[in-house]
Amino acid sequence: MTIGRAVALLLVLGALALCVVQLRSERVRCAARVADLRSERLRMRRESWALQMEIARLRTPDQIRECIERYDLQVLLPHPPLSRARSAALAESR
């Protein structure tokens, strides 16, 4: 084997070793990302359950009124529906 071939073989083996190290580090990064996403999914699922429980507690009007008073919310009455004549006049003015 000549010196040139030996150097070429060492370069190829060195490049392969670098590729293996790169692939392993990428695999570790991906595994860490998967673990992060799983923990985030678990956190979001718990938050969803908590919100569903809050919705279940607010099913009756008395409970809704209690929540409004507790958080000091300003609740306005809905606007009355427009009469047909007035809605037609608004449509014609556009």
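Residues numbered from 1 in each chain as written. Predicted model: local features only at pLDDT ≥ 70, side-chain atom pairs only at ≥ 80, totals over all residues. Heavy atoms only, no water.

Description of the overall build of the protein
Now for step 1: Counting its secondary structure elements, the protein contains three helices and zero strands.
Now for step 2: Looking at the protein residue by residue over its 94 residues, the buried ones come to 1%.
Now for step 3: Looking at the protein as shown, the accessible area adds up to about 9400 Å², and 63% of this sits on carbon and sulfur atoms. (Helix = DSSP H or I, 4+ residues; strand = E, 2+ residues; numbered from the N terminus. Buried < 20%, exposed > 50% of the residue type's maximum accessible area, 1.4 Å probe, protein only. Areas by Shrake-Rupley, 256 points an atom, 1.4 Å probe, with all protein chains shown as cover.)

A closer look at a nonpolar patch on the surface
Now for step 1: Together, M1, L9, V12, L13 and L16 make up a nonpolar patch on the protein surface, roughly 540 Å² of accessible area in all.
Now for step 2: Mapped onto the elements, V12 comes out in helix 1 (residues 3-57).
Now for step 3: Overall, V12 belongs to the partly exposed group, its relative accessible area being 48%. (Patch = residues over 30% accessible without salt bridge, like charges linked within 9 Å, V, L, I, M, F, W, Y side chains within 5 Å. Salt bridge = Lys/Arg side-chain N within 4 Å of Asp/Glu carboxyl O.)

Some words on the pattern of salt bridges
Now for step 1: On inspection of all chains with the given rule, the structure shows four salt bridges.
Now for step 2: For D62, the salt bridge goes to R65, with nearest N and O atoms at 2.9 Å. Of the two residues, D62 and R65 are both situated in helix 2 (residues 61-71); the distance of three residues between them amounts to about one turn of the helix.
Now for step 3: The class of R65 is partly exposed, set by a relative accessible area of 47%.
Now for step 4: A salt bridge links R70 to E66, with the shortest nitrogen-to-oxygen separation between them at 3.9 Å. Residue R70 and its partner E66 are both found in helix 2; the two are separated by four residues, about one turn of the helix.
Now for step 5: Overall, the relative accessible area of 48% leaves E66 in the partly exposed class.

Some thoughts on the confidence of the model for the protein
Now for step 1: With 81% of its residues at a pLDDT of 70 or more, the protein has an overall mean of 84.
Now for step 2: Averaged pLDDT values for the elements of the protein fall to 63 in helix 3 (residues 84-93) and rise to 93 in helix 1. (pLDDT = per-residue confidence, 0-100.)

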